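Below are the chains, spelled out letter by letter.
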Amino acid sequence: WTWGVHNQYIPPENVETDWSISCWSAKWLTTPELFGAVITPAEAQARDDERILKPLWKLINQADIVLGHNSKKFDVKRVNTRFLFYGMGDTMPFINIDTLTAAREKFAFTSFKLDYMNRYLGLNGKVNSPHMDDYIACANGDKGALRAMHEYNKIDVLILEELYMRIRSYIKHPNFTAW
């Protein structure tokens, strides 16, 4: 088990099972409704995330702007890789606003983790952050672990929105009057 192959050398032939997406959550800015999906235990064991990616692909295609924390280096590339795997095609173009990138450009937080910045600013933080055992349980199809990971995703979306609303005046945005 590893988080990636950077800063270490793991030959591709040593990869027993490649990664997949177990769940996702999203919302439209300033609206209460959360969207998302989680794979079944059987889908987890088969690394079959196609069913949950179809609605995500449709949702992204409705967005002019996608907001995330480390979304430029992680989230967008990960979902694009899985979209490519299933032949879904590229999404419609969107602007990616990454709060991690924005924070690193403007601030000197001790840590740029979403939870740390939120707590530093007196905002809500993460609850019960997952550990490697939780990720392994999800990969093995543990129904409770999958449910807990999806709940964790939902909270991440909500606290990301709080951080964005707090720092948005420091972020270079496109001219929204053009929309």
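Refer to the preceding data block for the structure.
Since the structure is predicted, the reported quantities are computational estimates derived from the model, not experimental observations.

A word on the nonpolar core
And step 1. One finds W24, I52, L53, L56, V79 and F83 to be the most contacted residues of the largest nonpolar core, which totals 21 residues.
And step 2. Secondary-structure elements contributing two or more residues to this core are strand 1 (23-27), helix 2 (50-62), helix 3 (71-85) and helix 7 (143-167).
And step 3. A total of 5 residues in this core trace back to one element, the largest contributor, which is helix 2.
And step 4. Beyond its immediate stretch of four places on either side in the chain, L53 contacts I21, R82, F83, Y86 and M88.
And step 5. The next biggest cluster of nonpolar side chains, apart from the first, holds 15 residues, and it includes F112, L114, L163 and I171.

Brief notes about the packing of helix 2 against helix 3
And step 1. Viewed as axis vectors pointing N to C, helix 2 and helix 3 meet at an angle of 115°, and their least axial separation amounts to 11 Å. The handedness of the crossing between helix 2 and helix 3 is left-handed. Packed against helix 2, whose contacting residues are L53, L56, W57 and I60, the element helix 3 presents V79, R82 and F83 at the interface.
And step 2. Partitioning the contact of helix 2 with helix 3 into residue classes produces 6 nonpolar, no polar and 1 charged.

Quick notes on the environment of L56
And step 1. Tracing the sequence through the fold places L56 in helix 2.
And step 2. In sequence terms L56 and A37 are 19 residues apart; their C-alpha atoms lie 8.4 Å from each other.
And step 3. Setting aside residues up to four positions removed in sequence, L56 forms contacts with W24, V79 and F83.

Examining the pattern of salt bridges
And step 1. Considering all chains together, one arrives at 6 salt bridges under this definition.
And step 2. Where E151 meets K154, a salt bridge forms, and the shortest distance between an N and an O atom there is 3.0 Å. You can see E151 and its partner K154 sitting in helix 7, 3 residues apart, about one turn around the helix.
And step 3. For E151, a relative accessible area of 39% gives the class partly exposed.
And step 4. By relative accessible area, K154 is classed as partly exposed at 24%.

Parameters and conventions
Residues numbered from 1 in each chain as written. Predicted model: local features only at pLDDT ≥ 70, side-chain atom pairs only at ≥ 80, totals over all residues. Heavy atoms only, no water. Core = buried A, V, L, I, M, F, W, Y, C linked by side-chain atoms within 4.5 Å. Buried < 20%, exposed > 50% of the residue type's maximum accessible area, 1.4 Å probe, protein only. Helix = DSSP H or I, 4+ residues; strand = E, 2+ residues; numbered from the N terminus. Contact = heavy atoms within 4.5 Å. Axes fitted to C-alpha atoms, helices over the stretch in contact; angles between N-to-C directions. Left-handed = near helix turned anticlockwise from the far one by under 90°. Nonpolar A, V, L, I, M, F, W, Y, C, P; charged D, E, K, R; others polar. Salt bridge = Lys/Arg side-chain N within 4 Å of Asp/Glu carboxyl O.

Scope: geometric values only; no functional claims are made or implied.
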